[in-house]
Amino acid sequence: MKFQPYNRLRVLAVCFGICFSQIIFSQTNISIDTKVNTLLSKMTLEEKIGQMNQYNGFWEVTGPTPKEGNAKEKYDHLKKGMVGAVLNVKGVENVRKLQEIVVNETRLGIPLLFGFDVIHGHKTLFPIPLASACSWDLDAIEKSAHIAAIEASAVGINWTFAPMVDITRDARWGRVMEGAGEDPYLGSKIGAAQIRGFQGTDLASNSSIIACVKHFAGYGFAESGRDYNTVDVGTSTLYNIILPPFKAAVESDVKTVMNSFNVLNGIPATSNKFLQRDILKGKWDFRGFVVSDWGSGYEMIDHGYAKDLKHAAELAANAGSDMDMESYSYVRHLKQLVDEGKVDIKVIDEAVRRILRIKFELGLFDNPYKYCDAKREKELIYHADNIAASLDMAKKSIVLLKNENNLLPLAKTQKNIAVIGALANDKNSPLGSWRIGSDDNTAISVLEGLKNIGANITYAKGADLITTPTSFSEEVKINETDKSEFAAAIKLAKKSNVVIMVLGEHGFQSGEGRSRSKLDLPGVQQQLLEAIYKVNKNIILVLMNGRPLAITWANEHIPAIVEAWQLGSQTGNAIASTLFGDNNPSAKITMSFPRSVGQVPIYYNHYNTGRPGPKSEVFWSHYGDESNKPLYPFGYGLSYSKFEYSNLKIDDSNPKKIKITVAIKNTSAVAGEEIAQLYIHQKTASVVRPVKELKGFSKIKIGAGETKEVVLYLTDKELGFYSNNGDFIVEAGTFDVMVGTSSEDVLSGSFYKN
Ligand code: GLC
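If you're wondering where the values come from, they're calculated on a predicted model, not measured in any experiment. (Residues numbered from 1 in each chain as written. Predicted model: local features only at pLDDT ≥ 70, side-chain atom pairs only at ≥ 80, totals over all residues. Heavy atoms only, no water.)

Asker: Even after reading the chapter, I still don't get the overall build of the protein chain, so can you show me in this structure?
Answerer: In terms of helices and strands, the protein chain carries 23 helices and 25 strands. Taking 27 Å as the expected radius of gyration for a compact globule of 754 residues, we find that the protein chain reaches 27 Å, a close match to that expectation. Based on the C-alpha atoms only, the size of the protein chain along its principal axes is roughly 85 × 65 × 45 Å. Here the protein chain holds 754 residues, and the buried ones make up 62% of them. Taking all contacts inside the protein chain whose residues are at least 6 apart in sequence as the whole, residues at least 24 apart take part in 78%. Of the roughly 28000 Å² that the protein chain leaves accessible, carbon and sulfur atoms contribute 51%. Across the protein chain, the 85 positively charged side chains and the 84 negatively charged ones have centroids separated by 2 Å. (Helix = DSSP H or I, 4+ residues; strand = E, 2+ residues; numbered from the N terminus. Rg over C-alpha atoms; globule rule 2.2 N^0.38 Å. Buried < 20%, exposed > 50% of the residue type's maximum accessible area, 1.4 Å probe, protein only. Contact = heavy atoms within 4.5 Å. Areas by Shrake-Rupley, 256 points an atom, 1.4 Å probe, with all protein chains shown as cover. Lys, Arg positive; Asp, Glu negative; His and termini not counted. Charge placed at Lys NZ, Arg CZ, Asp CG, Glu CD.)

Asker: How should I be thinking about the sheet that holds strand 5 (residues 212-216) in this particular structure?
Answerer: The pairing of strands in a sheet comes from backbone hydrogen bonds and takes either a parallel or an antiparallel form. Strand order in the open sheet made by the three strands is 5-6-9, with parallel pairing throughout. Bordering the open sheet on either side are strand 5 and strand 9 (289-291), each of which pairs with just one other strand. When strand polarity is set aside, the average angle formed by the axes of neighbouring strands in this sheet is 30°. Both strand 5 and strand 6 (residues 256-259) contribute to a ladder of three bridges, which runs parallel. Looking at the pairing, Cys-212 lines up with Thr-256 of strand 6. Packed on one face of the sheet, helix 11 (residues 273-283) meets strand 5, strand 6 and strand 9 and runs near 140° to strand 5. (Pairing = 2+ DSSP bridges. Axes fitted to C-alpha atoms, helices over the stretch in contact; angles between N-to-C directions.)

Asker: Please explain the pairing of strand 15 (residues 539-544) as it appears in this structure.
Answerer: Two faces, one strand: in a regular strand the side chains alternate between the faces of the sheet. The buried fraction of strand 15 amounts to six of the six residues, a majority that puts the element mostly inside the structure. Residue alternation in strand 15 divides its side chains into two sets, Ile-539, Leu-541 and Leu-543 and Ile-540, Val-542 and Met-544, and both sets are buried. Bridge count for strand 14 (residues 498-504) against strand 15 is six bridges, and the pairing is parallel. Of the residues in strand 15, the one forming a bridge with Ile-500 is Ile-540. In this region the chain leaves strand 14, passes through helix 20 (residues 525-535) and returns to the parallel neighbour strand 15; the handedness of that crossover is right-handed. Pairing between strand 15 and strand 16 (residues 560-563): four bridges, direction parallel. Bridging across to strand 16, Val-542 finds its partner in Val-562. Each parallel crossover has a hand, and the one from strand 15 via helix 21 (residues 552-557) to strand 16 is right-handed. (Right-handed = clockwise from strand over helix to strand, strands pointing away.)

Asker: What is the right way to look at the sheet that holds strand 4 (residues 159-160) in this model?
Answerer: Here we have five strands laid out as an open sheet, ordered 4-3-2-1-10, and parallel in their pairing. Looking along the sheet, the strands with just one partner apiece sit at the ends: strand 4 and strand 10 (324-325).

Asker: Explanation requested: the side chain of Thr-552 in the structure shown.
Answerer: Along the polypeptide, Thr-552 turns up in helix 21. For Thr-552, a relative accessible area of 18% corresponds to the buried category. At 2.6 Å, the side chain of Thr-552 and the backbone oxygen of Arg-595 are in polar contact. (Polar contact = N/O pair within 3.5 Å; in protein donor to acceptor, adjacent residues only side chain to side chain.)

Asker: Got a minute to help me understand empty space enclosed by the protein in this structure?
Answerer: One simple way to see leftover space: roll a probe sized like a water molecule over the atoms. One pass over the structure, following the stated rule, counts six cavities of 30 Å³ or more. In this structure, the largest cavity spans a volume of roughly 220 Å³. Those elements that place two or more of their residues in the lining of the largest cavity are helix 6 (129-132), helix 7 (138-154) and helix 8 (184-199). With five residues, the top contributor of residues to the lining of the largest cavity is helix 8. Tallied by class, residues from the lining of the largest cavity come to 16 nonpolar, nine polar and two charged. (1 Å grid on protein atoms, 1.4 Å probe; cavity = no way out; pocket = protein on both sides within 12 Å on 5 of 7 lines; lining within 4 Å. Points joined across faces, edges and corners; volume = space filled by probe spheres on them. Nonpolar A, V, L, I, M, F, W, Y, C, P; charged D, E, K, R; others polar.)

Asker: Quick question: what am I supposed to make of the domain arrangement of the protein chain here?
Answerer: As far as domains go, the protein chain holds domain 1 (54-63 + 72-377), domain 2 (411-599) and domain 3 (643-753). Here domain 1 and domain 2 have C-alpha centroids that lie 33 Å from each other. Tallying the contact residues gives 43 residues for domain 1 and 35 residues for domain 2. Between domain 1 and domain 2 lies a buried interface of about 2900 Å² when both sides are counted; carbon and sulfur atoms form 58% of it. Among the residues of domain 1 in contact with domain 2, Leu-125, Cys-134 and Arg-172 are the three that bury the most area, contributing 21% of the side total. At the junction of domain 1 with domain 2, the criterion picks out two salt bridges. A salt bridge links Arg-175 to Glu-512; its shortest N-O distance comes to 3.5 Å. (Domains from an automatic or database assignment. Buried area = accessible area lost by both parts, 1.4 Å probe. Salt bridge = Lys/Arg side-chain N within 4 Å of Asp/Glu carboxyl O.)

Asker: What's the story with the pairing of strand 6 in this structure? I'm lost.
Answerer: In strand 6, alternate side chains face the same way, and those of Thr-256 and Met-258 on one face and Val-257 and Asn-259 on the other are all buried. Note: strand 6 against strand 9, three bridges, orientation parallel. Looking across to strand 9, one finds that Met-258 is bridged to Val-291.

Asker: Looking at this structure, how should I read the pattern of salt bridges?
Answerer: Should the charged atoms of two oppositely charged side chains come close, the side chains can pair. Under the criterion given, the structure shown has 44 salt bridges. The closest approach of N and O atoms between Glu-350 and Lys-281, which form a salt bridge, is 3.9 Å. A residue pair is termed long-range when its members are at least 10 positions apart, and Glu-350 in helix 15 (residues 345-361) and Lys-281 in helix 11 qualify at 69 residues. Lys-683 is the partner of Asp-736 in a salt bridge, and the nearest nitrogen-oxygen pair spans 3.2 Å. Remark: Lys-683 occurs in the loop between strand 19 (672-682) and strand 20 (693-702) and Asp-736 occurs in strand 24 (residues 733-740); sequence separation between them is 53 residues.

Asker: What is the right way to look at the side chain of Lys-310 in this model?
Answerer: Turning to its location among the elements, Lys-310 is positioned in helix 13 (residues 309-318). Judged by relative accessible area, Lys-310 falls into the buried class, the value being 18%.

Asker: Got a minute to help me understand helix 19 (residues 486-494) in this structure?
Answerer: The α-helix winds at 3.6 residues per turn, so residues separated by three or four positions along the chain end up facing the same way. Turning to helix 19, its buried residues number three or more, namely Phe-486, Ala-489, Leu-492 and Ala-493. Seen end-on, helix 19 carries its buried residues on one side only, within an arc spanning 130°. Set apart from the buried face of helix 19 by more than 90 degrees, the exposed residues are Ala-487, Lys-491 and Lys-494. Residues of helix 19 that are buried make contact with strand 12 (417-420), strand 13 (457-460), strand 14 and helix 20. (Arc of directions from axis to C-beta.)

Asker: Would you take a moment to explain unusual backbone geometry for this structure?
Answerer: In this model, Val-600 is joined to Pro-601 through a cis peptide bond whose omega is 5°. Tracing the chain through its elements places Pro-601 in the loop between helix 22 (571-579) and strand 17 (643-651). A positive phi is found at Trp-565, a non-glycine position, where the angle reads about 45°. Turning to its location among the elements, Trp-565 is positioned in the loop between strand 16 and helix 22.

Asker: Before we go on, may I ask you to explain the packing of aromatic side chains in this structure?
Answerer: Any two aromatic rings considered together are summarised by their centre-to-centre distance and by the angle between their planes. Overall, the coordinates contain 23 aromatic pairs when judged by the stated rule. Look at Tyr-55 and Tyr-328: their rings are 5.2 Å apart centre to centre, the planes differ by 40°, and that puts the pair in the tilted class. Linking Tyr-55 in strand 1 (residues 53-56) with Tyr-328 in the loop between strand 10 and helix 14 (329-339), this pair joins segments that are 273 residues apart in sequence. Each member of the pair Tyr-55 and Tyr-328 is classed as buried. Taking 6.4 Å as the distance between ring centres and 25° as the angle between the ring planes, the aromatic pair formed by Tyr-239 and Tyr-722 counts as stacked. With Tyr-239 in helix 9 (residues 235-242) and Tyr-722 in strand 22 (residues 721-722), this pair connects stretches of sequence that are 483 residues apart. Relative accessible area serves as the criterion here: at 9%, Tyr-239 is assigned to the buried category. One aromatic cluster is present, built from ring pairs that chain together Trp-136, Tyr-185, Tyr-604, Phe-634, Tyr-679 and Phe-697. For the cation-ring pair, Lys-537 lies above Tyr-533, with the distance from its terminal atom to the ring centre recorded as 4.4 Å. (Phe/Tyr/Trp six-rings, centres within 6.5 Å; stacked < 30°, edge-to-face > 60°. Lys NZ or Arg CZ within 6 Å of the ring centre and 35° of its normal.)

Below you can see the structure in the form of structure tokens.
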């Protein structure tokens, strides 16, 4: 091609730019901040704005298709250095292709970030976060995230949009599967463990990826559990329930924060200065960058907060949202806003500094292709070590909800077992809804797991769960009428010694955009369960679901119930090893199970109210037709072992470190693990405190017949709370202390704190 003068100049400029970057940025004796400022000083305004712009790749869409923009425009912007990050790009080849365009064809060659929703594994999938949270095993959770980072980095990804730390109390919300449940103390510990796993100890390693704590803030309080709905919470709930897991993430050096779709006090989070500048970047001194959620920029128009896309860009940038994901607002309008003086160049420079700093910390300027090793991709994904870790995490996430007359575990010699339920043969639903990085039909199904363990089983579907195949973005069509296969299942159950029923939700009935107004077993499953119960009461119900379900009938009739959630790639093997006793279940739920959807939101750390009742007349806080209590409370979970608590001691001789001791005896003949939980209740305070707050836990192995002592401590960090102006305070007063096997089964004591 004959070079025109302009082209020749452009080529020279690009070459100079690339040489300049390589010389400056390879110097190890120059601080990252110096490199950032040096680079920033070379950038045009368009190039700066480009760093604040993230596009979806061209392989997956994880949100509404943008109202504007198209692949050609995206490629043009890529070549002009007007893109700082992309998401959903799949495979090392595609990552390398985009990175080469940016590094070789743009003036300064600033490498891209490649983001993806690596929520609970990438190729090898782990249990959904709400399941692994039930393990209360922070080391196992960290390891799961580390393996997810290895697999994601092996396919070119250097940024995950996880952990999601949204506290939630409403099982109707589809995204409860993505978080750690209803408690901020446990949610903070779990989020921090995930961040350690993703980011590792050395970001320059090609097995580390940057984490993104989300969704900042309050998304889990969507009214009526309806996704994307209005959030309206009180100040004390914001400071004491919603924000602590985000603060813990910042203290764990999380590199990015994603804001959220919802409003807070009537202001969309994406343009919420209070959240992003006052709290996150101000009070907490967060040094990374904030990315918007998918299109949350342009959605401010629908919220009625931005007049148009240009106004949305002005509001979001000035409020501290550093990078725009898929609303095209920054790339279309920020330059004009700066020219018009509506957005100060300082705002742009601050945002770009934050983004460039992370790219330097990741080592992308030293080697933009550090995540593009095709050999590594082949070696590391679905590696045997990853599979083993996934199986381990799955076993630790299974909750035993009921086990009447020790029906479980089944003897290996058990003959004539019926297995009934469409989900028993499903190789996708166990992977959960956030499985876009993995491959279809890669879960070990329950049927396969039972066959792998050598169980003597016969299968009957009983009924389809859905009527038509579905996908990540389509509504699931549930079978509400077809019972044509009931008869075959009933016939099988009649002649079987024991029946394993696998019932629950389709993998796409929970997750983003997947709210439900009911919490019962979907479709004809409840009818199937009752029909089988009529002919054989020896039923083991295995639940496969992404949220707590209101399974009151089952709890009253079915002798054994196992909550198996969606356990990822090794689902079938984990369930089989539990049903036959190789795995002794130890998990405990981290979100209350309601008796009925009418109780929701229902959670353990509630206030006492002024009328806790019960009173002889009706004037107290209760329902006339339902208990106030959940079906299964926070922290509940059984084991094949039996644990007895005794001898609770509270030693407050050192007021700065109160020592709590309890003895736990395993009175069974089976060694097992117990999660001992420590709760407090400050009886009187300047802001009412919940009747119970988790402030410590210990997971311990206890041999058959053995007694172990558990020691936990309470310091001001655990005893304090946030006042309504956001100050952390510790007040004198009487504290109840409770230690036990669940939030409702505890030994109690108290002490007075001066
Ligand atoms: C989605 C989700 C967010 C995700 C992002 C990118 O809409 O809300 O959690 O990380 O878009 O896929």
